[in-house]
Every structure is written in structure tokens, then in C-alpha cells.
Amino acid sequence: MALTDEAITRIRTMIQSGELPPGSRLPPEQQLAAQMGLSRSGVREAVKVLESARVLDVRRGDGTYVTSLAPRLLLEGLGVAVELLRDDTLLEVMEVRRMLEPVATGMAALRMSEDDLDELAQILEDMRGAAGDAEKLIGFDTAFHRTVVAATGNETLTSLLDGLSSRTLRARVWRGLIEGNSAHKTIDEHHAIYLALRSRDQLLAHASALLHVNTSEAWLRAVLSAPIGDGR
């Protein structure tokens, strides 16, 4: 493992220094191992690790390349990690969302296109038509917030929030809302966010999103504290 870790560090340094820029092809394994003074097996394992992290792209029969290193690739594993978090840590995820999502929504108020706003209007209509269906609401909820955050034009922020907003987390909140007969209130909160965005009111969009995240966090707390076996 020590040799593999060293190989990972050396390859990362080559990428960070610009010696291996995005899209470039790594030297053949034997040449790279000799260049770094490490064993081929150590280099091979390092490449596997960096491929899993979406830093490298191994193309069979062609070679190994540095990926684009775009945020959407490098932060892709965040969502997988969030899915594995324990209940007590999920509330920490909601805290992070509370820090980021309202700011992103406020930014979107100034940057959204009319087409984006029209798309949100359609998603809202779809949400109202699926008020009792948790699975459909999860999909529409994801689409709504992804559309808003993507409109900021900040790919890193979009990737972070996409990873933090895991499907499992949304499912637990929406199922709690439906069982509590409060899904319509949360849909109304989405409508308030939409109206603020449509009016290009940055502060109102920020406040509306903050209220919405706070509501979701409150419901998550209720779901997590509910006795086991109550159906949630």
C-alpha cells in the first residue's frame, strides 16, 4: 500500500504541475514505473485507484489518459458517500445544504433564462399532479433544484449540491411529508421559490430557499426521531 500511495502522489503531482494536463496520455506502465523509480505493480494499482476517482480514464487497447478533471467528474463520488451516511450524520448534510442552497438560489435569480423559468413552471405543475406519489415527487423535486442550481453557471456548486441531495435523503423527507399530509405545503414552498426567481428578486429567492431547506430539515429530524416500525 505504501508503494501504491507513493505512486498515486507522484501521478497527482504530475497532473497538478501541468506535466500531465487534462486529456493527456500517460506513458506506458513500464516507462512510467521506471520514470518514478517504482514497481509496475504499484503503478498499476495507483492507476486503478485514480480511475475510480475519475482522475484517469483507462482505454483498453489505447492507453491511460487524464480526464477533463471537471467538477462533475471529480465530485461524482460525493453522492455515493452521502448515501452511506448514518442517520445522525444526515442532519449535518442538511446543515451544509442550508449554507449553500439558498445562496445558489439567490444567484440563480439573476442568471436564469426564460427557458429555465418555463421549465420550472412545468415541473411545478407536474409536482402538483403527483402530490401523493413519493417516487414521482422525488424525481420532480430533484429536477426542480437541479435546474435552479445549474442556472448559476457554477459547475462546482452544482456538483456539490447534487451530491449532497441524495435520493435516499429526499425519499425520507418526502415520505414523511406525505404521511404527515404536508406535501402540499412543501410544493407551495417550491412555488414561492419559483415566483421569486421569476421576479428576479435575489433576496427573496434566497429567503424562500432558506425557508424550504429549514422545512425539509425539520421533517428529516421528525422522521429520524420517529420510533422504529411506525412505517417511516
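Predicted model only: the values in this text are computed from it and were never measured. (Residues numbered from 1 in each chain as written. Predicted model: local features only at pLDDT ≥ 70, side-chain atom pairs only at ≥ 80, totals over all residues. Heavy atoms only, no water.)

Visitor: Honestly, the pairing of strand β2 (residues 63–66) in this entry has me stumped. Any pointers?
Guide: The side chains of a regular strand alternate, residue by residue, between the two faces of the sheet. Alternating positions in β2 separate into two faces, G63 and Y65 on one and T64 and V66 on the other, with burial throughout. By the bridge criterion, four bridges tie strand β1 (residues 56–59) to β2 in an arrangement that is antiparallel. Bridge pairing in β2 places V58 opposite T64. Linking β1 to β2, which pair antiparallel, is a turn of three residues; within it G61 sits at a positive phi near 80°. (Buried < 20%, exposed > 50% of the residue type's maximum accessible area, 1.4 Å probe, protein only. Helix = DSSP H or I, 4+ residues; strand = E, 2+ residues; numbered from the N terminus. Pairing = 2+ DSSP bridges.)

Visitor: It is not clear to me how the nonpolar core should be interpreted in this structure. Could you clarify?
Guide: One broad trend across soluble globular proteins is that nonpolar side chains are buried collectively. Ranked by internal contacts, the top residues of the largest apolar core, which has 31 residues, are M112, L120, M127, F144, W174 and L197. A per-element tally of this core places helix α11 (residues 183–198) first, with six residues. Not counting the four nearest positions on each side in its chain, F144 is found in contact with L120, I123, L124, H190, I193 and Y194. Within the second largest apolar cluster, 19 residues are counted, among which are L20, L26, V43 and V66. (Core = buried A, V, L, I, M, F, W, Y, C linked by side-chain atoms within 4.5 Å. Contact = heavy atoms within 4.5 Å.)

Visitor: Which parts of the structure should I look at to understand the layout of surface pockets?
Guide: The method is simple in principle: a probe with the dimensions of a water molecule rolls over the atoms, and the space it marks as empty is what remains. By volume, the largest pocket amounts to about 340 Å³. Residue assignment for the lining of the largest pocket shows that the elements contributing at least two residues are α2 (29–36), α3 (40–52), β1 and β2. It is α3 that contributes the most residues to the lining of the largest pocket, five residues altogether. Of the residues assigned to the lining of the largest pocket, the class counts are seven nonpolar, three polar and seven charged. (1 Å grid on protein atoms, 1.4 Å probe; cavity = no way out; pocket = protein on both sides within 12 Å on 5 of 7 lines; lining within 4 Å. Points joined across faces, edges and corners; volume = space filled by probe spheres on them. Nonpolar A, V, L, I, M, F, W, Y, C, P; charged D, E, K, R; others polar.)

Visitor: For this particular structure, what's the right way to read the pattern of salt bridges?
Guide: Side chains that carry opposite charge are capable of pairing whenever their charged atoms lie near each other. Enumeration over the complete set of coordinates arrives at 15 salt bridges. Residues E29 and R40 are paired through a salt bridge, measuring 3.1 Å at the closest nitrogen-oxygen approach. Highlighted residues: E29 in helix α2 and R40 in helix α3, separated in sequence by eleven residues. Exposure remark for R40: the relative accessible area of 42% places this residue in the partly exposed category. Residue R44 pairs with E29 through a salt bridge whose shortest N-O separation is 2.8 Å. One end of the pair, R44, is in helix α3; the other, E29, is in helix α2, and 15 residues separate them in sequence. According to the relative accessible area criterion, R44 is partly exposed, its value standing at 36%. Via salt bridges that share partners, E114, D118, R198 and R200 belong to a single interconnected network. (Salt bridge = Lys/Arg side-chain N within 4 Å of Asp/Glu carboxyl O.)

The quantities given are spatial measurements derived from coordinates; they are silent on function.
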